[in-house]
Amino acid sequence: NSWDYGPLGVLLKNNIKRVWWDMFVKSRRDVVGLESALIMNPKVWSASGHMDNFADPLVECKKCHVRFRADEINVNEPCGKCGEAGQFTESASFNMMFKTYVGPKEEAAAVAYLRPETAQGMFVDWPAIVTTTRQKIPFGVAQMGKVFRNEITPGNFIFRTREFEQMEIEYFVGEDGWQNHFDEWLEWMRKWIDACGIDKRKIHEVEIPEDERAHYSQRTVDIEFDWPFGQKELYGIAYRGDYDLQLHAKNSGQSFTYKDPETGEEYVPHVIEPTFGVERTLLAVLLSAYQEEEVKGEKRVVLKLKPELAPYQAAVLPLSKKEELMKLAEPIADELSQSFSCEYDVTQSIGKRYRRQDEIGTPFCVTVDFDSLEDKAVTIRERDSMEQERVLIKDVGKVLEVKLIV
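Residues numbered from 1 in each chain as written. Predicted model: local features only at pLDDT ≥ 70, side-chain atom pairs only at ≥ 80, totals over all residues. Heavy atoms only, no water.

**Q** Looking at this structure, I do not really get the overall build of the protein. What am I missing?
**A** Along the protein, the regular secondary structure elements total 12 helices and 22 strands. The principal-axis extents of the C-alpha atoms in the protein amount to approximately 75 × 65 × 50 Å. For the protein, the proportion of contacts with a sequence separation of at least 24, taken over those separated by at least 6, is 66%. When the accessible surface of the protein is split by element, carbon and sulfur atoms take 48% of a total near 20900 Å². Here the protein contributes 52 positively and 69 negatively charged side chains, and the mean placements of these two sets differ by 4 Å. (Helix = DSSP H or I, 4+ residues; strand = E, 2+ residues; numbered from the N terminus. Contact = heavy atoms within 4.5 Å. Areas by Shrake-Rupley, 256 points an atom, 1.4 Å probe, with all protein chains shown as cover. Lys, Arg positive; Asp, Glu negative; His and termini not counted. Charge placed at Lys NZ, Arg CZ, Asp CG, Glu CD.)

Take a look at the structure:
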C-alpha cells in the first residue's frame, strides 16, 4: 500500500497542488497559508479527541487472520479472503494514528504521533496567525501536506492509502450567517471540480443526515464520485462550529477569542472546513480525462487533461535524428522550457511519438521538419482535434501561450 509517483506522476500531482493553491490562496485576499509540523505535541491529539475517538471498528477472520473494518463487511457472510463463513472475532476499536518516539529512548514520555490530518495545526496556530496577519473575520487558513492513517483495509489503487496528501481550508466566521459562507464554499468546490476537468456527470452532492454527522456539526456535505468500484467520497465540507477552538482553549489555557476591531465584540469563531485529497483528485482527473478513440481504423488512447494540469504543456519533436534538425529543434525546446513544462522526444516515428504524447496528455506538439530549415517555421499539432498549424519559429512561444490560456 505504498505508491511512488514517477516523472510524469509527480508533475501531474504538483500541478494539481499548484492550481489549488493559486485558486484558493493566491487569488483570495481572505485566505492565508500555513505549513505546520508533521509531528506535533501529543497533547494536541488528546485535546482534539483523536487519542480516544480517531478509531475504526476492527474484526479479524479466525481462520486466515486477515483484518477488516467491521462497518464494511457483513460478519455473517464468508470471509472475502479465505471464504470461511461466520468466523470473525468480536468488533474492537482500532486507533488509526501512527505512533512513534521522539528522542533516544522508546519510553512513554517520548511517545508522539504522525499527524492524521492537517486541520489541528491550523487550529492551534490560529491565535498567532490572527496576530501576525491582522486578518479580519471572515478569513481562512489553508494548508496542504502529508498525513498518515494506519488504515485497516487500504486499497482501490490510490483511493485509500496510509500515506497521502490533504489540501484543507479552515474558514473562520461569526456564528451568525455561517450558512451563507457554507454555500459560498460549496460553490467554490464546484468551481474547483470544473477547473480540474473532473466529469460532473459522475459527481453527487450528498447531504449527510443529522444522525450520521459528527456531533458538533450542523451541516456536512460529501461530494462523491462514481469510481470504478462504486460511488464514494471525493471531497467534503463541514460546518464545525466553535468545537475545535473551544477544545484547544480549554486544554491549553490560552485565549482563542477574536476581538472585532470595529465593534469590540469578543467571541470564539466558528469554522467551515472544505477538504480535498490530492491523490483522489488525481485519480478522478485521470478517470475523467482518459478516452479511447478510433482514428483511421486504429485505437487512439488520449488523456484529455486540462492544459494547466498536464505533465507537459508542449513537446518538441524533430522529424528525424538528422543533425541539422536536432540543431534547430533543441534551442526551441530550451526556449519553451523557460515558460512551459516541455518534453523533447526524438525516439521512434513521428506517428508513434504523437500517440505517446496523446497518452500522457500533452496538449501541443511542435514538429521540426526539413521544411523548417528553409521557411523557419514549425508545425503545431493540437492533441484533442489533431489539427495542425504552421507557425514561424520566432512566434511559437507566443502562439502556445495564447492557446494554453484559452
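**Q** I keep staring at the packing of aromatic side chains and nothing clicks. Help me out?
**A** Geometrically, a pair of aromatic rings is defined through the distance of the ring centres and the angle of the planes. Overall, the coordinates contain 22 aromatic pairs when judged by the stated rule. Linked through ring pairs, Trp20, Trp21, Phe24, Tyr171, Trp185, Trp188, Trp192, Tyr235 and Phe276 together constitute an aromatic cluster. Lying over the aromatic face of Trp188, Arg28 brings its terminal NZ or CZ to 4.5 Å of the ring centre. In this structure, Lys191 packs its charged tip against the face of Trp188, placed 5.0 Å from the ring centre. (Phe/Tyr/Trp six-rings, centres within 6.5 Å; stacked < 30°, edge-to-face > 60°. Lys NZ or Arg CZ within 6 Å of the ring centre and 35° of its normal.)

**Q** Where do I start with the environment of Phe68 in this structure?
**A** With respect to the helices, strands and loops of the structure, Phe68 is situated in strand 4 (residues 67–69). Sequence separation between Phe68 and Pro57 is 11 residues, and the spatial gap between their C-alpha atoms is 8.4 Å. The residues touching Phe68, leaving out its near neighbours within four places in the chain, are Pro57, Leu58, Val59, Ile73, Cys79, Gly80, Lys81, Phe88, Ile152 and Thr153.

**Q** Explain the pairing of strand 16 (residues 290–295) here, please?
**A** The side chains of a regular strand alternate between the sheet's two faces. Here strand 16 pairs with strand 17 (residues 298–303) via 6 bridges, running antiparallel. By the bridge assignment for strand 17, Tyr290 is matched with Leu303. If you look at the hairpin formed by strand 16 and strand 17, you'll find 2 residues sitting between the two strands, and Lys296 has a positive phi there, around 55 degrees. (Pairing = 2+ DSSP bridges.)

**Q** Help me understand a nonpolar patch on the surface in this model?
**A** Together, Leu38, Ile39 and Val102 line one region of the surface with nonpolar side chains, adding up to about 230 Å² of accessible area. Relative to the helices and strands, Val102 resides in the loop between strand 6 (99–101) and strand 7 (111–114). (Patch = residues over 30% accessible without salt bridge, like charges linked within 9 Å, V, L, I, M, F, W, Y side chains within 5 Å. Salt bridge = Lys/Arg side-chain N within 4 Å of Asp/Glu carboxyl O.)

**Q** It is not clear to me how the sheet that holds strand 22 (residues 388–392) should be interpreted in this structure. Could you clarify?
**A** By definition, the strands of a sheet pair up through backbone hydrogen bonds, in either a parallel or an antiparallel sense. Within the open sheet, the 5 strands sit side by side as 19-18-20-21-22. Their pairing is mixed. Of all the strands in the sheet, just strand 19 (342–344) and strand 22 have a single pairing partner and so form its edges. With strand direction ignored, the average angle separating the axes of adjacent strands in the sheet is 25 degrees. With 5 bridges connecting them, strand 21 (residues 377–382) and strand 22 associate as antiparallel partners. Residue Arg381 lies in a different strand from strand 22, and its bridge partner there is Gln388. Together, strand 18 (314–318), strand 20 (364–368), strand 21 and strand 22 form the strand contacts of helix 12 (residues 396–405), whose direction differs from that of strand 20 by roughly 160 degrees. (Axes fitted to C-alpha atoms, helices over the stretch in contact; angles between N-to-C directions.)

**Q** Before we go on, may I ask you to explain the pattern of salt bridges in this structure?
**A** Pairs may arise between side chains of opposite charge once their charged atoms sit close together. Under the defined criterion, the tally for this structure stands at 29 salt bridges. Note that Glu163 and Lys146 form a salt bridge whose closest N and O atoms lie 2.5 Å from each other. Here Glu163 is found in strand 9 (residues 163–173), whereas its partner Lys146 is found in strand 8 (residues 139–148), with 17 residues between them in sequence. Here Glu163 falls in the partly exposed class, since its relative accessible area comes to 42%. A relative accessible area of 29% means that Lys146 is categorised as partly exposed. The closest approach of N and O atoms between Arg190 and Glu205, which form a salt bridge, is 2.6 Å. Of this pair, Arg190 sits in helix 6 (residues 178–196) while Glu205 sits in strand 10 (residues 203–207), and the two are 15 residues apart along the sequence. For Arg190, a relative accessible area of 32% translates into the label partly exposed. (Buried < 20%, exposed > 50% of the residue type's maximum accessible area, 1.4 Å probe, protein only.)

**Q** In this structure, what is going on with the state of the cysteines? I would like to understand it.
**A** Two cysteines, two sulfur atoms, one covalent bond between them: this is a disulfide. Throughout the structure, instances matching the rule amount to 0 disulfides. Not part of a disulfide, Cys61 finds its nearest cysteine sulfur in Cys82, a span of 3.6 Å. Taking the relative accessible area as the measure of exposure, Cys61 reaches 0% and is therefore buried. In this structure Cys79 is not part of a disulfide, and its nearest cysteine sulfur, from Cys64, lies 3.8 Å away. (Disulfide = S-S within 2.5 Å.)

**Q** I'm lost on the packing of helix 1 (residues 7–26) against helix 6 in this one. Help?
**A** When two helices pack together, you describe them by how their axes are tilted relative to each other and by the distance separating the axes. Running from N to C, helix 1 and helix 6 cross one another at 145 degrees; their axes reach a closest spacing of 11 Å. In this structure, helix 1 crosses over helix 6, and the sense of that crossing is right-handed. Together, Ile16, Val19, Trp20, Met23 and Phe24 of helix 1 and Trp185, Trp188, Lys191, Trp192 and Ala195 of helix 6 make up the contact between the two elements. Across the contact of helix 1 with helix 6, the residue classes tally to 9 nonpolar, no polar and 1 charged. (Left-handed = near helix turned anticlockwise from the far one by under 90°. Nonpolar A, V, L, I, M, F, W, Y, C, P; charged D, E, K, R; others polar.)

**Q** What's the story with the pairing of strand 9 in this structure? I'm lost.
**A** In terms of residue burial, strand 9 counts as a mostly covered element, since 10 of its 11 residues are buried. Bridge count for strand 9 against strand 15 (residues 270–277) is 6 bridges, and the pairing is antiparallel. Within strand 15, the residue paired with Tyr171 across the bridge is Ile272.

**Q** What am I meant to see in the side chain of Gln120 here?
**A** By the secondary structure assignment, Gln120 is in helix 4 (residues 119–124). The residues contacting Gln120, other than those within four sequence positions of it, are Met40, Val44, Trp45, Ser48, His50, Arg240, Asp244 and His248.

None of this, on its own, says anything about what the molecule does.
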